[in-house]
Amino acid sequence: MSTTTAPAPSAAGTPAPQGKPTAYNRDPKRRKRILMAIGGALVAFVFIAPYLVMVLDSLRTSSDVKSTPPSILPKVWQWDTYAQILGDERFLNWLKTSLIVATGSTVIVILVAIPAAFMTARHRFPGRGLFLLLVLVTQMFAPTSLVVGLYRQFFELNMINTYGALILTNAAFNLAFAIWILHGFFSSIPLEVEEAAALDGASRWQILRRVMLPLTLPGLVTATIFTFIAAWNEYVVALTLMIDDDKKPLTVGMRAYITGYEQHWDQLFAASVIAVVPVVILFAIIEKHLVGGLTAGSVK
């Protein structure tokens, strides 16, 4: 006759727990990583959700966008909206203007900010503090508060409705931010690095180009991205200075899809999706340099 053995009681008089603890309960670090991953996914979804809605609305019909109650997915998938937008000559002109203005402004800002930040960070000269203060003060003025003065100034220079007016304005309003960003990066580099390069016979220009710029590449990338995005998204000055429809940037031109007489919401959303693409491409190209620049030039 067989007998069964009861589980041995624990010290407290209760049966000992059966089974092995799971990896989730056994490893607190693993549990923390899982929770952080879930939290990160939720935060990412909050930021991505508006773009997802914009993409879905661009694939709806215009009447479906305005339907009540709204549906999550389009009732009719309209795939030819993007072909219509890319075939619209007005949109292509707006896209060209935005690319010219954003690229031109970014190039000017970087070319001016690099030597200005380098000189103020690495050299002491009379009026240095006042110069940095003036740079900071210019950052406090919004383009909206100066738009009337800007219009009058460019009218006197016969530059109304020109690319140059937008490029110079965007460069002026983003230059202070770039100088302060690069100034901080140049100041963080030990003076011994610059002195070692000078002892090796490098000129001031060679020190800046071969030693300092690789070490400040993350700051340079940051200044480039923020300047390009700010110029790409600028609206008030472009609305005031650009008169011809074919010379307006995307931020101003896309208003034409929604008027008091007709509303093409599907085309507006499709144009908005396309307008995001150049910025995404810039991030994709420049992201690896942001990571690589953290250590570039630190080891000879």
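Note that the structure is predicted; figures quoted are calculated from it, not measured.

(A) Quick look at the overall build of the protein. When its secondary structure is counted, the protein shows 14 helices and zero strands. Sequence-ordered secondary structure for the protein, helices as α and strands as β, is α-α-α-α-α-α-α-α-α-α-α-α-α-α. The 300 residues of the protein split such that 35% are buried. Excluding contacts between residues fewer than 6 apart, the proportion of contacts in the protein whose partners are at least 24 apart in sequence is 73%. For the protein, the exposed surface amounts to about 18500 Å²; the carbon and sulfur share of it is 69%.

(B) Structural context of the nonpolar core. Ranked by internal contacts, the top residues of the largest apolar core, which has 23 residues, are I114, L182, F186, L208 and M212. Among the secondary structure elements, those contributing two or more residues to this core are helix 5 (89-122), helix 8 (163-188), helix 10 (204-215) and helix 11 (217-233). Here this core gets eight residues from one element, more than from any other, and that element is helix 5. For L182, the residues in contact, after removing those within four places along its chain, are A113, I114, A117, G219 and L220. Ranked by size, the runner-up nonpolar core spans 21 residues in total, among them L95, V221, W232 and L268.

(C) Spotlight on helix 8. Its 26 residues place the ends of helix 8 37 Å apart at the C-alpha level, agreeing with the 38 Å of an ideal helix rising 1.5 Å per residue. Along helix 8, the sharpest kink reaches roughly 40°, centred on N174.

(D) Main features of a negative patch on the surface. Among the surface-exposed residues, E89, D244, D245 and D246 lie close enough to one another that they form a single negatively charged patch. Tracing the sequence through the fold places E89 in helix 5. On the basis of relative accessible area, E89 is assigned to the exposed category, the value being 59%.

(E) Fine view of helix 10. A rise of 1.5 Å per residue sets the reference length of helix 10, with its 12 residues, at 16 Å; its end C-alpha atoms lie 15 Å apart and thus fit the reference within 8%. Turning to helix 10, its buried residues number three or more, namely I207, L208, V211 and M212. End-on, the buried residues of helix 10 take up no more than an arc of 130°, which puts them together on one face. Exposed side of helix 10, more than 90 degrees from the buried face: W205 and R210 are the residues found there. Turning to helix 10, the residues buried within the fold contact helix 5, helix 8 and helix 9 (191-199).

(F) Up close: the pattern of salt bridges. In total, this model carries four salt bridges according to the counting rule given. With a shortest N-O distance of 2.7 Å, D57 and R60 are connected by a salt bridge. The class for D57 is buried, based on a relative accessible area of 12%. Here D64 makes a salt bridge to R60, at a shortest N to O gap of 3.7 Å. By the burial criterion, D64 is buried, and R60 matches it.

(G) Representation of the packing of aromatic side chains. Overall, the coordinates contain seven aromatic pairs when judged by the stated rule. Plain terms: the ring middles of Y151 and F155 are 6.4 Å apart, the flat faces sit at 15° to each other, and that makes the pair stacked. Here Y151 pairs with F155, and both are found in helix 7 (residues 143-156), just four residues apart, close to one helical turn. Classification of Y151 by relative accessible area gives partly exposed; the value is 32%. Taking NZ or CZ as reference, K247 lies 6.0 Å from the ring centre of Y163, over its face.

(H) Region of the structure containing the side chain of K248. Relative to the helices and strands, K248 is located in the loop between helix 12 (236-241) and helix 13 (250-253). In this structure K248 is buried but unpaired, with D245 as the nearest side chain of opposite charge at 4.1 Å. Once residues lying within four places of it in the same chain are set aside, the contact partners of K248 are N93, W94, T97, M242, I243 and G253.

(I) Representation of unusual backbone geometry in the model. You will see that N158, though not glycine, has its phi angle at about 55°, which is positive. The class of N158 is exposed, set by a relative accessible area of 68%. Here N161, not a glycine, exhibits a phi torsion of approximately 70°, which is positive. We classify N161 as buried; its relative accessible area is 11%.

(J) Expanded view of the side chain of T227. Mapped onto the elements of the fold, T227 is located in helix 11. Assessed through its relative accessible area of 0%, T227 is described here as buried. In this structure the side chain of T227 is engaged in a polar contact, spanning 2.7 Å, whose partner is the backbone oxygen of A223.

(K) Summary view of the environment of A202. Relative to the assigned elements, A202 resides in the loop between helix 9 and helix 10. If we skip the residues at most four places from it in the chain, A202 touches A197 and I207.

Conventions and cut-offs
Residues numbered from 1 in each chain as written. Predicted model: local features only at pLDDT ≥ 70, side-chain atom pairs only at ≥ 80, totals over all residues. Heavy atoms only, no water. Helix = DSSP H or I, 4+ residues; strand = E, 2+ residues; numbered from the N terminus. Buried < 20%, exposed > 50% of the residue type's maximum accessible area, 1.4 Å probe, protein only. Contact = heavy atoms within 4.5 Å. Areas by Shrake-Rupley, 256 points an atom, 1.4 Å probe, with all protein chains shown as cover. Core = buried A, V, L, I, M, F, W, Y, C linked by side-chain atoms within 4.5 Å. Expected span 1.5 Å × (residues − 1). Bend = angle between axes of the 7 residues up to and from the residue. Patch = residues over 30% accessible without salt bridge, like charges linked within 9 Å, V, L, I, M, F, W, Y side chains within 5 Å. Salt bridge = Lys/Arg side-chain N within 4 Å of Asp/Glu carboxyl O. Lys, Arg positive; Asp, Glu negative; His and termini not counted. Charge placed at Lys NZ, Arg CZ, Asp CG, Glu CD. Arc of directions from axis to C-beta. Phe/Tyr/Trp six-rings, centres within 6.5 Å; stacked < 30°, edge-to-face > 60°. Lys NZ or Arg CZ within 6 Å of the ring centre and 35° of its normal. Polar contact = N/O pair within 3.5 Å; in protein donor to acceptor, adjacent residues only side chain to side chain.

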